[in-house]
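If you want the building blocks of each chain, they are given just below.
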Amino acid sequence: MTLLAALLAAQAAAPFPAPDCSAVRGWTQQGETRRYDPETLFDYMNGNSEGYFAYGFTLMEGVTCVNAAGDQLVIDVSEMGDPDRAWGFFVTNRDQRSPVEPIGSGGQVLPRRSTFAKGRHYLEIAASPDKDHRASLRAFVTALEPRLPGPAAVPAAVAWFPAEGLAPESVRLVPESVLGLRVLKSGFMGQYAVGRAFVVPEATAAAATGTMETLRNRFPGASAVAGLGDEAFAAQDQYLGRLVVFRKGSRVAGVVNVAPDGDATPLAKALARQLP
């Protein structure tokens, strides 16, 4: 058996890290354990299930926990496509008004809701009735986070975005159609004052070259830019404004939505220097 096959077999054999009400003293499970796959998640999430599927959802297990005071916690653990997508799902669904805490690869504890990602998993807890449940939520997060397997680190791609001028916590994973373009299947984006920067990893340099050719044909009047990555072009678009797109190895990246009097080239060059 090859090493890859052995790893996949071990992953398939590993028990799903189901939530456990007894992880925190004073809480007990109410009702049966919930279990959903891509065929049945709609029954539980209704219209919200599509967001899970975009990030590679494979399985969810959940429990409802209650205590003597009548408080209730609904805990669900979902397995996503990979650690990047689990983190990306957390970032997409986090409360934008509240800071991200170093829980797993990112988490939040709010008065009635707590979420975090770790490895391929995304955990969410909804609390009721309407009051401040942060003490209980944090107790469960502290108890359950070590039980989820996988790395507790943000994707390596976050470090690709130059820190200067980057809006705090703006880097996110776009699971499909980056910039609204189907050819850019999945990638990362960050917000800067000058515009939006993006990086789309491809499987090979040849695949990235093909993507560049498709993009160049997508923007009439595109002109070559020298000294940027392995190849680059600049263009003007009705929706994406002034833009610069380049390829470095197997990655397609660039800067879009630049104002008519702005210059995307310095940020694009800084981004290229950051890419491995």
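Definitions and cut-offs
- Each residue is numbered by its place in its chain's sequence as written, counting from 1.
- Under the rules for a predicted model, residues below a pLDDT of 70 receive no local features and side-chain atom pairs below 80 are neither given nor counted, while totals for whole chains, interfaces and linings still include all residues.
- Only hydrogens and water are set aside; all other atoms, that is, all heavy atoms of the structure, feed into the side-chain values.
- Starting at the N terminus, helices and strands are each numbered in turn, a helix being any DSSP run of H or I of at least four residues and a strand any DSSP run of E of at least two.
- One less than the residue count of a helix, multiplied by 1.5 Å, gives the span that helix is expected to have.
- Only protein chains enter the accessibility calculation, which uses a 1.4 Å probe; a residue whose area is less than 20% of its type maximum is buried, one above 50% is exposed, and one in between is partly exposed.
- Our arc is simply the arc of the directions from the helix axis toward the C-beta atoms.
- Whether two residues touch is decided by their heavy atoms; if any such pair falls within 4.5 Å, the residues are in contact.
- Between any two strands, pairing holds if DSSP finds at least two bridges.
- Fitting a line to C-alpha atoms yields each axis, with helices limited to the stretch in contact; the angle taken between N-to-C directions then spans 0 to 180 degrees.
- Every residue carries a pLDDT, the predictor's confidence in it, which falls somewhere between 0 and 100.

With respect to helix H6 (residues 205-218)
Compared with an ideal rise of 1.5 Å per residue, which puts 14 residues at 20 Å, H6 spans 20 Å between its outermost C-alpha atoms and is within 8% of the ideal. Of the positions making up H6, those classed as buried are Ala208, Thr211, Met212 and Leu215. Taken down its axis, H6 places every buried residue within 105° of arc, on the same side. Structural note: H6 exposes Ala206 and Asn217 on the side pointing more than 90 degrees away from its buried face. Where H6 is buried, its residues meet strand E12 (231-237), strand E13 (241-248) and strand E14 (251-258).

Concerning the sheet that holds strand E8 (residues 172-174)
As summarised here, the arrangement of the 7 strands in space is E8-E9-E10-E14-E13-E12-E11, forming an open sheet in which the pairing is antiparallel. Two strands lie at the open edges of the sheet, namely E8 and strand E11 (223-224), each paired on one side alone. Each of E8 and strand E9 (187-191) touches helix H4 (residues 83-93); the most contacted strand, E8, lies at about 110° to it. The sheet strands contacting H6 are E12, E13 and E14, and the helix crosses E12 at an angle near 30°.

Points about the pairing of strand E6 (residues 113-118)
Regular strands place side chains that alternate from one sheet face to the opposite one. A large share of E6 lies buried, amounting to 5 of its 6 residues. Sheet topology places strand E5 (residues 106-109) next to E6; 4 bridges connect them, and they run antiparallel. Looking at the pairing, glycine 106 lines up with alanine 117 of E6. Hairpin connection between E5 and E6: a loop of 3 residues separates the two successive antiparallel strands. Connecting the antiparallel pair E6 and strand E7 (residues 121-128) is a turn made up of 2 residues, with glycine 119 showing a positive phi of about 55°.

Description of the confidence of the model for the protein chain
Scored by pLDDT, the protein chain comes out at a mean of 93, with 95% of its residues at no less than 70. Scored below 50 in pLDDT, residues 3-13 makes 2 contacts in the model with residues more than four places away or belonging to other chains.

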